[in-house]
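# Results of the structural survey
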Amino acid sequence: TQLLEQSPQFLSIQEGENLTVYCNSSSVFSSLQWYRQEPGEGPVLLVTVVTGGEVKKLKRLTFQFGDARKDSSLHITAAQPGDTGLYLCAGGSGNTPLVFGKGTRLSVIA
Amino acid sequence: DAGITQSPRHKVTETGTPVTLRCHQTENHRYMYWYRQDPGHGLRLIHYSYGVKDTDKGEVSDGYSVSRSKTEDFLLTLESATSSQTSVYFCAISGTSRNTEAFFGQGTRLTVV
């Protein structure tokens, strides 16, 4: 069974701080996705990474896929209250449905 | 936003009663999924479909059944609801394969009393 471990589970920071959240596995994935979920809503896709070592940027968010395609990180620069939410990583490989991590709940305080 | 509609959005039901949740898509995507989301457990796959009348079990399928008679509709049935099935249920769709980007509905909050 493929598992994705996300850390930290909870993160509370002040506006303007930087942060990194992690998504780790012992399994290799052909692609890895990051989603953000706000209260009362479904998860929304932020990015997909498919190549080992790949780095993608989305405004103040930087996503990296590990060289071995077993892990990923999400770095937020100068966090804002609008970044508050649950961040989920999900991995895909072979012919199986996506596997989701349990998420990192981020709170950015103004 | 992907065209996915879940109904109902909220439901309270009694233990032992059958419950059906509906997911409707307007994207003509091949794959449809049902997840439940619970504190401490994240998103867990219940069942998924890879075509009309083609379904498969997920991680937590016991006590649930699904049907897909049309491309656009995917129904989740709790055969005899139990309190442990109190949860938020999400439908998702994807187009290309089982593990490409998923688009989620807004969720159904189900309470079994």
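Notes on the structure in this doc start here. (Residues numbered from 1 in each chain as written. Chains lettered and ligands numbered in written order. Predicted model: local features only at pLDDT ≥ 70, side-chain atom pairs only at ≥ 80, totals over all residues. Heavy atoms only, no water.)

Moving on, we come to the side chain of Gln85(B). Residue and element names in this part refer to chain B. Its place among the elements puts Gln85 in the loop between strand E8 (73-78) and strand E9 (87-94). On the basis of relative accessible area, Gln85 is assigned to the buried category, the value being 5%. A polar side-chain atom of Gln85 sits 3.3 Å from the main-chain carbonyl oxygen of Gly63. Leaving out residues up to four positions away in the same chain, Gln85 has contacts with Arg36, Asp62, Gly63, Tyr64, Leu78, Ser80, Leu110 and Val112. (Helix = DSSP H or I, 4+ residues; strand = E, 2+ residues; numbered from the N terminus. Buried < 20%, exposed > 50% of the residue type's maximum accessible area, 1.4 Å probe, protein only. Polar contact = N/O pair within 3.5 Å; in protein donor to acceptor, adjacent residues only side chain to side chain. Contact = heavy atoms within 4.5 Å.)

Let us look at the state of the cysteines. Tallied over the full model, the rule gives 2 disulfides over all chains. Across the disulfide, Cys23(A) is cross-linked to Cys89(A) (sulfur-sulfur distance 2.0 Å). Disulfide Cys23(A)-Cys89(A): torsion about the S-S bond near 80°, hence right-handed. Separated by 66 residues along the polypeptide, Cys23(A) in strand E3 (residues 19-24) and Cys89(A) in strand E9 (residues 85-93) bring together distant segments of the chain. In this structure, Cys23(A) and Cys89(A) share a single accessibility class: buried. Through a disulfide, Cys23(B) is tied to Cys91(B); the S-S separation comes to 1.9 Å. Handedness here is read from the sign of the S-S torsion; for Cys23(B) and Cys91(B), about -70°, the answer is left-handed. Taken together, the residues span a long stretch of sequence, with Cys23(B) in strand E3 (residues 19-25) and Cys91(B) in strand E9 at a distance of 68 residues. Given the relative accessible area of 0%, Cys91(B) is considered buried. (Disulfide = S-S within 2.5 Å.)

Residue and element names in this part refer to chain B. According to the stated counting rule, one finds 11 aromatic pairs over all chains in the structure shown. Pairing Tyr33 with Tyr35 gives two aromatic rings, centres 6.2 Å apart and planes at 35°, and the pair type is tilted. For the pair formed by Tyr33 and Tyr35, the shared burial category is buried. When the centroid spacing of 6.1 Å and the interplanar angle of 25° are considered together, the rings of Tyr33 and Tyr48 count as stacked. Of this pair, Tyr33 sits in strand E4 (residues 31-38) while Tyr48 sits in strand E5 (residues 42-51); the two residues are 15 residues apart in sequence, bridging distant segments of the chain. Residue classification places Tyr33 among the buried positions, given a relative accessible area of 1%. A residue is classified by how much of its surface remains accessible, and Tyr48, at 5% relative accessible area, is buried. (Phe/Tyr/Trp six-rings, centres within 6.5 Å; stacked < 30°, edge-to-face > 60°.)

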